[in-house]
Amino acid sequence: MSTKETYKASFDELQKIVAEMESGEIGVDELADKVKRASVLIQKCKEILSKTEVDVQKILDGLDES
Amino acid sequence: MPVSGPSYSLLELCENIKGVLRSTYTQTYWVRAEINTLNLYPASGHCYPDLVEKQNGSIVAQMRANLWKGDYQRINSTFLNVLKEPLRDGIKVLMLVEIQFHPVYGLSLNIQDMDPAFSLGDLEQEKQRCIQTLKEEGLLSRNRALPKPWLPQRIALISDASSKGYGDFTKVLAEANKQWGYAFYFHLFPAVLQGERAVVTIQEQLQKIQKVKTHFDVVALVRGGGGEVGMACYNNLELNRALTTFSLPVLTGIGHASNLTVAEQIAWHNAITPTKLAEWLVQQFHNLSVPLQKCEEALTKSGLEVVADARQDLQHALRLLVATARSRQISHRAEWQQTVQQLSSSSRYLTKHHHNLLEQNRQQITQGMAVRSRSETLSLDQSFRQLLTGFKQTLGNQRQRLDFLNTQVQNLSPEQVLKRGFSIVTQGGKPLNNTKDIQLNRELKIQLFRGELSAQPIEIHHSNEPI
């Protein structure tokens, strides 16, 4: 799964939870679980924005091949 | 071949030609040509431009020219001012020339002045030609048609590390990282960013990036500072062809105030300065981050609302309960108090009433008793007296009657009767008063007042008549 797909899936699920909560479909009983799940998703999305997985060595190796 | 007529030395010929030319070309002329090479000699400051005219890419005319230091400096300054381009190779010029012939250097043109407006128009035409060509080749929108980079995070940066533009660009990205934690990665592919050399070096860097393109999301062409001279390179057809056909989105931030260059027009995204380009990149992060944050806020808000709603419901229920209980209590208390009051007042009333009744009774009784006892005493006395009187009377009467009866009784006693001469006849001890009861020849006893005798019935005469 690519970063984009991970992000999209997480964000979509997050929005679903938000929509559910905003429409009042979630009761107090489910609240804790949903919020917990949502915070995991938020964390996941935030990590994508705050981390780059770049292998600099690979870039340099690629530039040397010629 | 034998010589017939006079012969001339080379110099004589040259001098002759020179004389003919001078007499024929007596003035200066405006001539259109392309500076094939400028041939500036920095030491002397003079230029010896190679002028050409091309038709369909082939040189159809060519001539050397001289541009002396003073003229060059003046003209170049005007060009920089008007065209934002220096005098350089490849530029088309309209120049004021004097035709000169030198026995050693041959035919050449002494350039005295140039019209920058002509060159400007030509540059613009060149730009339009570039656009037209790209359009014809179907390349004008090639790069822009690439899919939007989902998150332009890894940047192949074509720039000059010493330039202001590079500094501005990287500063914004660093700030975004510091402020919002956005992670950018960029790798510098150094290039000359203006003038003739730019066309070549930028293309070289694009070729390098091509090899490692999987590591990058976008290519950013960043330039800024160092004046706005030499921007015509960005209208170069070859460079633009390389840019537009590149397989990654090309972003430009080449900071200048003049009209958009072709490179900027074909770029996937163009920003007017390196700073703006960096801000645009940051914005792409915002575009993902802000909805995320909104979700987070909405989540918090909704979560709090759910809790608050529940709490409110609870409080509402509680208040209702308390209110109901209280009102019940109050109504019960009121009822109870009412009952107590009713009870109290009615009991008081009853008590009083009964007391009154009792009192009344008592009074009545007392009164009645008094009256009655008095009257009864009276009537009793009376009755008694009456009774006594009656009794006396009755007693007197009875006595009289008794006396009378006694007298009668005395009168009817057998003795009295016997005394008066009557006798009692008995037969077998049984007194006789009817002849029919007499048995003949049976002894009769006859009692007299004094004495008794016996007799015997001989004959009986029955009387039919009652006595």
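All of the points below concern the structure found in this document. (Residues numbered from 1 in each chain as written. Chains lettered and ligands numbered in written order. Predicted model: local features only at pLDDT ≥ 70, side-chain atom pairs only at ≥ 80, totals over all residues. Heavy atoms only, no water.)

## Structural notes on a nonpolar patch on the surface
Residue and element names in this part refer to chain B.
- A cluster of nonpolar side chains, contributed by Y8, L10, L13 and I17, occupies part of the molecular surface with about 430 Å² of accessible area.
- On the secondary structure map, L13 appears in helix α1 (residues 10-24).
- Given the relative accessible area of 40%, L13 is considered partly exposed. (Patch = residues over 30% accessible without salt bridge, like charges linked within 9 Å, V, L, I, M, F, W, Y side chains within 5 Å. Areas by Shrake-Rupley, 256 points an atom, 1.4 Å probe, with all protein chains shown as cover. Salt bridge = Lys/Arg side-chain N within 4 Å of Asp/Glu carboxyl O. Helix = DSSP H or I, 4+ residues; strand = E, 2+ residues; numbered from the N terminus. Buried < 20%, exposed > 50% of the residue type's maximum accessible area, 1.4 Å probe, protein only.)

## Quick notes on the interface of chain A and chain B
- Contact residues are listed per partner, giving 33 residues for chain A and 30 residues for chain B.
- Of the roughly 2,700 Å² buried at the junction of chain A and chain B (both faces included), carbon and sulfur atoms supply 79%.
- It is L49(A), I59(A) and L63(A) that lose the most area in chain A upon contact with chain B, and together they represent 24% of the buried surface on that side.
- In this assembly, chain A and chain B are joined by one salt bridge.
- Here E296(B) ties to K46(A) by a salt bridge, and the two come within 3.2 Å at their closest N and O atoms.
- Linking chain A to chain B there are five residue pairs in polar contact (both at pLDDT 80 or more).
- Secondary structure elements with two or more residues in the side of chain A that touches chain B: α1 (3-22), α2 (28-50) and α3 (56-64) of chain A.
- It is α1(A) that provides the largest number of residues to the side of chain A that touches chain B, a total of ten residues.
- Within the side of chain A that touches chain B, the residues separate by chemical class into 19 nonpolar, seven polar and seven charged. (Contact = heavy atoms within 4.5 Å. Buried area = accessible area lost by both parts, 1.4 Å probe. Polar contact = N/O pair within 3.5 Å; in protein donor to acceptor, adjacent residues only side chain to side chain. Nonpolar A, V, L, I, M, F, W, Y, C, P; charged D, E, K, R; others polar.)

## Re the sheet that holds strand β13 (residues 444-447) of chain B
Residues and elements named next belong to chain B.
- Here four strands make up an open sheet; going across it, the order is β12-β11-β13-β14 and the pairing antiparallel. Two strands lie at the open edges of the sheet, namely β12 (430-431) and β14 (452-455), each paired on one side alone.
- Both β13 and β14 contribute to a ladder of four bridges, which runs antiparallel. Counted as the bridge partner of L444 is A455 from β14. (Pairing = 2+ DSSP bridges.)

## A closer look at the sheet that holds strand β5 (residues 106-114) of chain B
All names here are of chain B.
- Spatially, five strands are ordered β1-β2-β3-β5-β4 in a closed barrel, and the strand pairing comes out mixed. Pairwise comparison of adjacent strand axes, ignoring direction, gives a mean angle of 60 degrees for this sheet.
- Relative to strand β4 (residues 92-102), strand β1 (residues 29-37) runs antiparallel, the two sharing six bridges. Within β4, the position partnered with Y29 by the bridge is V97.
- Together, β1, β4 and β5 form the strand contacts of α1, whose direction differs from that of β4 by roughly 135 degrees.
- Strands β1, β4 and β5 of the sheet are contacted by helix α3 (residues 116-136), whose axis makes an angle of about 125 degrees with β4. (Axes fitted to C-alpha atoms, helices over the stretch in contact; angles between N-to-C directions.)

## Some thoughts on the nonpolar core
- Core analysis: the biggest nonpolar cluster contains 42 residues, and L14(A), I155(B), F169(B) and F184(B) have the highest contact counts within it.
- Contributions of two or more residues to this core are made by α1 and α2 of chain A together with β6 (154-159), α4 (164-180), β8 (218-222) and α8 (274-412) of chain B.
- No other element matches α8(B), which puts twelve residues into this core.
- When residues of this core are assigned to domains, at least three fall in each of domain 2 (136-272) and domain 3 (293-422) of chain B.
- If we skip the residues at most four places from it in the chain, F169(B) touches I155(B), L157(B), A220(B), V222(B), P274(B), L277(B), A278(B) and L281(B).
- Listed in part, the 34 residues of the second largest apolar core include A156(B), A191(B), V199(B) and I254(B). (Core = buried A, V, L, I, M, F, W, Y, C linked by side-chain atoms within 4.5 Å. Domains from an automatic or database assignment.)

## Some points on the side chain of Q427(B)
- Considering the arrangement of structural elements, one finds Q427(B) in strand β11 (residues 424-427).
- In this structure, Q427(B) is in contact with L432(B), D437(B), I438(B), Q439(B), R442(B), E443(B) and L444(B), ignoring residues within four places of it in sequence.

## Here we look at the packing of α3(B) against helix α6 (residues 237-244) of chain B
All names here are of chain B.
- Their axes nearest at 10 Å, the elements α3 and α6 cross at an angle of 40 degrees. Taken as axis vectors, α3 and α6 run oblique relative to one another. Both α3 and α6 take part in a crossing whose hand is right-handed. In this structure, α3 contributes C130, T133 and L134 to the contact, and α6 contributes L237, N240, R241 and T244.
- Of the residues contributing to the contact of α3 with α6, the split by class is three nonpolar, three polar and one charged. (Parallel < 35°, antiparallel > 145°, perpendicular 65-115°, else oblique. Left-handed = near helix turned anticlockwise from the far one by under 90°.)

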